[in-house]
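Okay, here's what each chain looks like letter by letter:
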Amino acid sequence: MSRVAGGVELRAAQGSLKADQAVVGLNAYLPTRGLASVRPRAVSLFSFIILTEPLSAEHWKIIGWQGRQGYSDKRRLHNYVRLTGNRVLFGGRVRYRFGLQATGSLMDVYETLHQQLIETFPSLKDVAITHRWCGPVAITWSRRPWIGREGPISAALGYSGMGVSLATLSGRVLADLVMGEEKRWSDLLYLNDPMLALPPEPFRFLGFQGGYYAMRVADLLDQWR
């Protein structure tokens, strides 16, 4: 997609399309090429989840989880835990890859998650894991979402895993941007935030890897205090 006289042009293998305006709502599914004005604002990281088999009444009694409150721990590389039906959903860990393809073996990540699940709930050590999956999450430099407009192109991205609520808000804001009613959102922190663009590859990858291992070391040091 690129700007042309009077609007934007989207080119694909099947043909091209011109319009006065365009809205980019891809968030973590940004392509590795194209969309030059939007793509450098966020990076896609893969987040991972495992799901236990249905737990017995005895398991629930041992765990002592009386309500259905979900939680996240306070580590920098945190885990988040939810209940779905009578199963425990345990998520966390992140992986960065060039582009969006989660290629290669990911079993080591799932094994680490399973280990952390057992460390958190030792009584579940013999409970089977029935489902496991991963998906991309968009992260900006500042960890804040970005909603804005550059010429005829409007976009919203960088929800950092909070997209259920933020994407709904972003949709309302983008609709008003297209209709020229931006003023009603003038107090919105994320709107047209002049955040720095992310560096190009391979510096983007190296920067993330450095930050990732620094957080791992900090979490380990916290355990020893």
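Whatever comes next refers back to the structure up there.
Note that the structure is predicted; figures quoted are calculated from it, not measured. (Residues numbered from 1 in each chain as written. Predicted model: local features only at pLDDT ≥ 70, side-chain atom pairs only at ≥ 80, totals over all residues. Heavy atoms only, no water.)

Undergrad: Hey, could you run me through the sheet that holds strand 3 (residues 15-19) in this one?
TA: Pairing between the strands of a sheet is mediated by backbone hydrogen bonds and can be parallel or antiparallel. The strand order 1-2-3 describes an open sheet built from three strands, whose pairing is antiparallel. Only two strands of the sheet have a single neighbouring strand rather than two, namely strand 1 (2-4) and strand 3. Along the sheet, successive strands turn relative to each other by an average axial angle of 30°, direction set aside. As paired strands, strand 2 (residues 7-12) and strand 3 are joined by five bridges and run antiparallel to one another. Across the sheet, residue Arg11 finds its bridge partner in strand 3, namely Ser16. (Pairing = 2+ DSSP bridges. Helix = DSSP H or I, 4+ residues; strand = E, 2+ residues; numbered from the N terminus. Axes fitted to C-alpha atoms, helices over the stretch in contact; angles between N-to-C directions.)

Undergrad: Would you take a moment to explain the pattern of salt bridges for this structure?
TA: In a structure, side chains of opposite charge can pair up when their charged atoms sit close to one another. Evaluated as defined, the whole model comprises five salt bridges. The salt bridge partner of Arg41 is Glu150, with a shortest N-O separation of 2.3 Å. Here the residue Arg41 occupies a position in the loop between strand 4 (22-24) and strand 5 (42-52), and Glu150 occupies one in strand 10 (residues 146-150), the gap between them amounting to 109 residues. On the accessibility criterion, Arg41 (12% relative accessible area) is buried. On the basis of relative accessible area, Glu150 is assigned to the partly exposed category, the value being 23%. Between Asp176 and Arg184 there is a salt bridge, with its nearest N and O atoms 3.3 Å apart. Residue classification places Asp176 among the buried positions, given a relative accessible area of 10%. Here the salt bridges share partners, and the residues they tie into one network are Asp176, Glu181 and Arg184. (Salt bridge = Lys/Arg side-chain N within 4 Å of Asp/Glu carboxyl O. Buried < 20%, exposed > 50% of the residue type's maximum accessible area, 1.4 Å probe, protein only.)

Undergrad: Got a minute to help me understand the side chain of Arg204 in this structure?
TA: With respect to the element layout, Arg204 can be found in helix 4 (residues 203-224). Among the residues examined, Arg204 registers a relative accessible area of 13% and is labelled buried. For Arg204, the side chain forms a polar contact with the main-chain oxygen of Pro199, separated by 2.9 Å. Setting aside its immediate chain neighbours within four residues, Arg204 contacts Arg39, Pro40, Ala42, Val43, Tyr96, Leu198 and Pro199. (Polar contact = N/O pair within 3.5 Å; in protein donor to acceptor, adjacent residues only side chain to side chain. Contact = heavy atoms within 4.5 Å.)

Undergrad: Is there a simple way to think about the sheet that holds strand 11 (residues 153-157) in this case?
TA: Read from one edge to the other, the open sheet built from three strands follows the order 4-11-10, with strand pairing classed as mixed. Of all the strands in the sheet, just strand 4 and strand 10 have a single pairing partner and so form its edges. Direction aside, the axes of adjacent strands within the sheet are offset by 15° on average. Both strand 4 and strand 11 contribute to a ladder of three bridges, which runs parallel. Across the sheet, Val24 pairs through a bridge with Ala155, a residue of strand 11. Helix 3 (residues 163-178) contacts strand 4, strand 10 and strand 11 of the sheet and is inclined by roughly 15° relative to strand 10.

Undergrad: Can you walk me through the pairing of strand 10 in this structure?
TA: The side chains of a regular strand alternate between both faces of the sheet. As paired elements, strand 10 and strand 11 share five bridges and run antiparallel to each other. Looking across to strand 11, one finds that Trp146 is bridged to Leu157. What sits between the antiparallel neighbours strand 10 and strand 11 is a turn of two residues, in which Gly151 has the positive phi angle 65°.

Undergrad: Help me understand helix 3, please; the structure alone is not making it clear to me.
TA: For helix 3, with 16 residues, the first-to-last C-alpha span of 21 Å sits near the 22 Å given by 1.5 Å per residue. Along helix 3, the positions that sit buried rather than exposed are Leu166, Ser170, Val173, Leu174, Asp176 and Leu177. Along the axis of helix 3, the buried residues cluster in a sector spanning 155°; they form a single face. Away from the buried face of helix 3 by more than 90 degrees, exposed residues Val164, Thr168 and Arg172 are located. Where helix 3 ends, the next residue or the one after it, Gly180, has phi of about 75°, a positive value. (Expected span 1.5 Å × (residues − 1). Arc of directions from axis to C-beta.)

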